[in-house]
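Okay, here's what each chain looks like letter by letter:
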Amino acid sequence: MAFDVLQLDGVELLARPYPERRALLEELFTGHGLTAPAPWTLCPMTTDLAKAREWLESWTDVSGVEGIVRSPRRPG
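Read on for a plain summary of the structure.

How each quantity is defined
- Residues numbered from 1 in each chain as written.
- Predicted model: local features only at pLDDT ≥ 70, side-chain atom pairs only at ≥ 80, totals over all residues.
- Heavy atoms only, no water.
- Helix = DSSP H or I, 4+ residues; strand = E, 2+ residues; numbered from the N terminus.
- Contact = heavy atoms within 4.5 Å.
- Expected span 1.5 Å × (residues − 1).
- Buried < 20%, exposed > 50% of the residue type's maximum accessible area, 1.4 Å probe, protein only.
- Arc of directions from axis to C-beta.
- Core = buried A, V, L, I, M, F, W, Y, C linked by side-chain atoms within 4.5 Å.
- Salt bridge = Lys/Arg side-chain N within 4 Å of Asp/Glu carboxyl O.

### Section: the overall build of the protein
Stage number 1. Secondary structure assignment for the protein yields two helices and two strands.
Stage number 2. Taken from N to C terminus, the helices and strands of the protein fall in the order β-β-α-α.

### Some thoughts on the side chain of arginine 22
Stage number 1. If you trace the backbone, arginine 22 turns up in helix α1 (residues 18-31).
Stage number 2. When residues no more than four places from it in sequence are discounted, the contact partners of arginine 22 are Phe3, Leu42, Cys43, Pro44 and Met45.

### Considerations on α1
For an α-helix the count is 3.6 residues per turn, leaving residues at separations of three or four pointing the same way.
Stage number 1. Relative to the 20 Å expected for 14 residues at 1.5 Å per residue, α1 spans 19 Å between its end C-alpha atoms, a close match to the ideal helical length.
Stage number 2. For α1, the set of buried residues is Arg21, Arg22, Leu24, Leu25 and Phe29. The arc that holds every buried residue of α1, seen down its axis, measures 160°, which confines them to one face. Those residues of α1 that are exposed and aimed more than 90 degrees away from the buried face are Pro19, Glu27, Thr30 and Gly31.
Stage number 3. If you follow the buried residues of α1, they end up packed against β1 (7-8).
Stage number 4. Immediately downstream of α1, the backbone of glycine 33 shows phi near 65°, a positive value.

### Things to note about the nonpolar core
Stage number 1. Membership of the largest hydrophobic core is limited to six residues, which are Ala2, Val5, Leu13, Leu24, Leu25 and Phe29.
Stage number 2. Those residues in contact with leucine 25, other than ones at most four positions away along the chain, are Ala2, Phe3, Asp4, Val5 and Leu42.

### Some points on the pattern of salt bridges
Stage number 1. For the structure shown, the criterion picks out four salt bridges.
Stage number 2. Taking the shortest distance from any N to any O, the salt bridge between aspartate 4 and arginine 21 comes out at 2.8 Å. In this pair, aspartate 4 sits in the segment before β1 while arginine 21 sits in helix α1, placing the two residues 17 residues apart along the sequence.
Stage number 3. A salt bridge links lysine 51 to glutamate 54, with the nearest nitrogen and oxygen atoms 3.6 Å apart. Taken together, the residues lysine 51 and glutamate 54, both in helix α2 (residues 49-59) and three residues apart, mark about one turn of the helix.

### Re unusual backbone geometry
Stage number 1. Even without a glycine there, the phi angle at aspartate 9 is positive, about 55°.
Stage number 2. Its location among the elements puts aspartate 9 in the loop between β1 and β2 (11-12).

Structural data, given as structure tokens:
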């Protein structure tokens with residue numbers, strides 16, 4: 001399961017904002033035909049609190065889900 005891309009084509013991306021890295025990751029998935037089923041899954045992402053709460057409540061009984069990744073909101 002992928003939720004971020006930290007390096008691409010030998011270039012470190014850590015200094016770039018997460019939304020930009022997320023867009024690159026989504027492009028990788030669509031551009032290379034990486035779709036479910038396993039081994040490739042793009043982790044869902046939202047900035048909507050209600051949606052995140054819905055996911056948290058519905059995923060508590062789903063096998064294989066181990067937690068949530070939350071990043072502090074940063075400008076840019």
